[in-house]
Each structure stands twice: as C-alpha cells, then as structure tokens.
Amino acid sequence: MSFFSSSSADSHLATAKTVLTTAASVAATAMLVRSVANEFLPGELRDYILGGIRSIFSRFSSELTIVIDEFEGLVNNQIYESAETYLGTKISPSTQRLKVSKPDAEKAFSVTVERDQTITDVFNGVKLNWVLICHHVETTNFHNPRDLNSTLKSEVRSMELTFHKKHKDMVLNTYLPFILKEAKSLKQEAKALRIFTLDQQNMYGNYSEAWLGINLDHPSTFDTLALDSETKEFVMEDLKRFVKRKEYYRKVGKAWKRGYLLYGPPGTGKSSLIAAMANYLHFDIYDLELTELNYNSELRRLLISTPNRSIVVVEDIDCTIQSQDRLAESGETSGNHERQQVTLSGLLNFIDGLWSSCGDERIIVFTTNHKDKLDPALLRPGRMDVHIHMSYCTPCGFRQLAAIYLGIKEHLLFGEIEEAIQETQVTPAEVAEQLLKSSDNIETTLKGLLDFLRKKKESQELEANKAEQEAKDKEEQQRKQKEDGDKKDDNDEKKIVIE
C-alpha cells in the first residue's frame, strides 16, 4: 500500500517538475524573443510582432485588456489624462521608475507612471493591472500636440488596463467613471489658486483673455478667521453641501450656483472670508469691477468666460450698481445721458435669468457696507441665497485672534479685554493690528490692546454725545421754526380780520 502511495507521489512530483520546466522554458523563450526584438528589430516591426504574440496568447486567456490611447486624432483623450493623474496616487513600494514634474499651474509635484511599469489597483475587491506602453514614431507625417520641440521623432503612448473578462461591465460603467471623477478632484486640489482681474487692453478682443491672473497666496482659512464658530460651521457646511449637489440642482431645474451677500462695516473680514472660501474649495477668484464696464452685453460675455468651479466677487455692490429707474427718478441722468452703464436688470439677468445656466458650480459673492441701500430685488433667494453679517469683533473673535497672533488660549487680562470689546465697536482688523504691534512680551501686548480699546470707547462716547447734541439742536431748531411759522400764520389771519 505504501509502495503505491510512494509511486503516486513520485509521479505527481515528476509531473509538477515537467510543468515548471516547460513554463520556465516558455518564459525564457519569451524573454529571449523580446530581448532580440528590442535589440535588432525596427520599432514599428517590433511592435507588430510583439502585438501578434500578445494577440495569440490572449485567445487562451480569461483576461481582457482595454487600450486607452493618449489622443483621439489630435484631441486629448480625457480618460488617458485622468488615468495618468489617478495612477500617480497608486504608486507601490515595488515600483522602480517614476516621472516627476512641477507644472507652473500646480502647487505640488506631479508624479506619474513611467513606461513599462505595472501599477496594480483594487476596486470593489477586483484586481486591475495598469501598464504604460510607449513606442517611438519617426515620420514627417506624425504630429504629437504635446511634443513642441520636434515633429520628426515622438512617442505614441497608451495605457493598457487588464482584468478578468467577467468584470468588463463594472470597469466600463463604474470604475472608469470613478477615475474621471477622482482625477478631476485631484487636479483641483493640486492646482495653484489664482485671482483674476479685468485687463482693459484685452476687453474688446477675445473675452477669455480679458482676465489677468496671478497666484493667490492669501493665507486665510476657516481656522484663522476671527469669526464666531457657529457662523464658520454654517458656511463650511453650506459650501460642502453645494459642491455635492450637482444632480439635485439638475433634478429641480436650477442652475448649479450659489449666491452670498457679505455685509458689515469695513475691516470686519469680508475679503478674508472670500479667501478662506477659495482655499477651502480650491476655486479661483474672479474679481469683477462693474464700474469698468459700459454695457450689459460686456457683463454677460465676461461672466460666461469665467470657468466652472470659480468664485465671482462683486465688491461694494451698493456703490457699483444702480437701476436706471432710480437714476431717472432722481434726475441724475440728465447731464449724463450719453454714458452707458451696467444696469441692475442686466446683473439680475445673469445671476438669476436665462444666462445663469451658462456655467456650473459657480459661487457669486457680493459685498457691501450698507445692506439697507441695496435694491430689494437683489436680496431675494436665488440671487443672494445666504446673507452673512460680518459684525464687529466679539470676545470669541478676540480669542481666536489671540491664539493665532500670540499663540495663547488664556491670560489674566482676557476678562478685561473681552468686557471692553463688548462695550466698544472695534473691528477684527483693528484688534489684529494691535496684536501685530506686539513686542516679545505677551502681557505688554495685551495691555497695549486694552489701552487702545479704552481710548476707542472714550472717542466713540464723545462722538455719540456730539451726535446726540446735534440731533437735539436740530430738533430744537425745527421746533422754533415751526413755532415761528405758526405765529406768522396767526398774525396773517389777524391782519385779514382787521382789514
């Protein structure tokens, strides 16, 4: 019995050795063929032969390979670009070669796959293998849009994605759309934020070139804003909800945009909040100065030229836009009849009319120091959806500023300072300026701030008393004028009776 068992085991072992030897021989032969082909055959012939070999083996394989070329004709293949970006985040310790670059438009290094390097990804429990395939083309008829140095010798690049055939529908319907979405998010986070303003020299040419931009290096974030925590949490949640609701906006038939009105006295942090919103969403800022425009048509063309995922800012809206009806009523148009201007109706047509659908995922921010001066037509939801009051500094705001500028969360002088802040109209900018004047001694700095607050309170009380006295004097003057008028009327009546 043991003899037959031993014989069977020896037979299985011999079979296994034969299989392993055959596999090793086939692998060695394949490697030899590939080496010889790489060494002696022209590139186009080599690719043709190796492609034929792969085709033969694929007939007996349960795997499916999707080829994603870099270009479709002369047009960039969006799937290729997205895969290149996405795979840069899937580099494993076993990867031996990478490509690293630093584009001007990005704030970090860009890491991509090098040729012939296999990257393995796992999605929904399915193993997927990626490899970048490159081969040279030498012909005067070939043009690579990314190769600006030479059209005589370039690379044709493609991504090959290999997986089990039974997962084809999942890859096409779920995995590739996921990569497109993920790559879009990665590119948005990696790019350097920019702020744009109008370039008057290009205003009347190509409107897409009418915006002049520079990098936005504003350090403001929601962590550094001297804003009460409840308001900050509300704004952050509102922004987060907005960027995730594309399908909802489409379902209810509304343009995918959001309007904010920031109102309050100067120095309360309106510009810092806008910068914090841009840094939070990774959206570029387009600063629109309406006084530089002469026609409503210019406004429409400029706003259409702004890309998706951007913040359009219109500062001091109460000063920069007026309705023609109000001007006509006040008679101010008489001496300025020939001058054209952007009208309130022109602005409303863009932010809430048919033109509002020309672009997705946009935020429009209006600022004003005087909300009460705005036309009620601007204030309704759909135009200015969120109204945020940027108030004077509060005790909570002061503590945030102290933590940022002085690196402290508590001090014996905090109680006096907070009491003085509650009794004084002081802006966060003024408090920050006092903290910036600091010496190395924190107590000296806080005492300096307290002294500033006391003097400001005294000044405000004097101004309030003066204003109150002027109001009383004006009221007394009006009362006397009324009495004098009444006496005059009485005298006139008596005179009529005597006559």
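Before reading on, note that the structure itself is shown above.
Residues numbered from 1 in each chain as written. Predicted model: local features only at pLDDT ≥ 70, side-chain atom pairs only at ≥ 80, totals over all residues. Heavy atoms only, no water.

1. Thoughts on the pattern of salt bridges
And then number 1: As enumerated under the stated definition, the model contains 15 salt bridges in all.
And then number 2: Between Arg-258 and Asp-238 there is a salt bridge; the shortest N-O distance is 2.8 Å. Taken together, the positions of Arg-258 in strand 11 (residues 257-263) and Asp-238 in helix 5 (residues 229-243) put the pair 20 residues apart, joining distant regions of the chain. The pair formed by Arg-258 and Asp-238 is uniform in burial state, with each residue classed as buried.
And then number 3: Between Arg-454 and Glu-416 there is a salt bridge, with its nearest N and O atoms 3.1 Å apart. Of this pair, Arg-454 sits in helix 16 (residues 442-498) while Glu-416 is found in helix 14 (residues 414-422), placing the two residues 38 residues apart along the sequence.
And then number 4: Overall, the relative accessible area of 45% leaves Arg-454 in the partly exposed class.
And then number 5: For Glu-416, a relative accessible area of 38% puts it in the partly exposed group.
And then number 6: Linked by salt bridges that have partners in common, Asp-238, Arg-241 and Arg-258 make up one network. (Salt bridge = Lys/Arg side-chain N within 4 Å of Asp/Glu carboxyl O. Helix = DSSP H or I, 4+ residues; strand = E, 2+ residues; numbered from the N terminus. Buried < 20%, exposed > 50% of the residue type's maximum accessible area, 1.4 Å probe, protein only.)

2. Quick look at a negative patch on the surface
And then number 1: Taken together, the side chains of Glu-289, Glu-292, Glu-315 and Asp-316 define an acidic patch exposed on the protein surface.
And then number 2: Relative to the assigned elements, Glu-289 resides in the loop between strand 12 (284-287) and helix 8 (296-304). (Patch = residues over 30% accessible without salt bridge, like charges linked within 9 Å, V, L, I, M, F, W, Y side chains within 5 Å. Areas by Shrake-Rupley, 256 points an atom, 1.4 Å probe, with all protein chains shown as cover. Lys, Arg positive; Asp, Glu negative; His and termini not counted. Charge placed at Lys NZ, Arg CZ, Asp CG, Glu CD.)

3. A short note on the packing of helix 3 (residues 78-87) against helix 4 (residues 168-190)
And then number 1: With their axes 8 Å apart at the nearest point, helix 3 and helix 4 run at an angle of 65° to one another. Judged by the inter-axis angle, helix 3 sits roughly perpendicular to helix 4. Relative to helix 4, the crossing made by helix 3 is left-handed. Between helix 3 and helix 4, the residues in contact are Gln-78, Ile-79, Glu-81, Ser-82, Ala-83, Thr-85 and Tyr-86 and Tyr-175, Leu-176, Phe-178, Ile-179, Leu-180, Glu-182, Ala-183, Leu-186 and Lys-187, respectively.
And then number 2: A per-class count over the contact of helix 3 with helix 4 returns ten nonpolar, three polar and three charged. (Axes fitted to C-alpha atoms, helices over the stretch in contact; angles between N-to-C directions. Parallel < 35°, antiparallel > 145°, perpendicular 65-115°, else oblique. Left-handed = near helix turned anticlockwise from the far one by under 90°. Contact = heavy atoms within 4.5 Å. Nonpolar A, V, L, I, M, F, W, Y, C, P; charged D, E, K, R; others polar.)

4. Quick look at a nonpolar patch on the surface
And then number 1: A surface patch of nonpolar side chains, about 330 Å² in accessible area, is lined by Leu-98, Val-100 and Phe-109.
And then number 2: On the secondary structure map, Phe-109 appears in the loop between strand 4 (98-101) and strand 5 (110-113).

5. Remarks on the sheet that holds strand 14 (residues 362-368)
Either a parallel or an antiparallel arrangement is found when strands of a sheet pair, and the pairing is made through backbone hydrogen bonds.
And then number 1: One open sheet holds the seven strands; their spatial order is 10-9-12-13-14-11-15, and the pairing between them is mixed. If you trace the sheet from one side to the other, it starts and ends with strand 10 (211-215) and strand 15 (386-389), each paired once. When the angles between neighbouring strand axes are averaged without regard to direction, this sheet yields 20°.
And then number 2: Strand contacts of helix 11 (residues 344-352): strand 11 and strand 14, with the helix running at about 145° to strand 14, the strand carrying the most contacts. (Pairing = 2+ DSSP bridges.)

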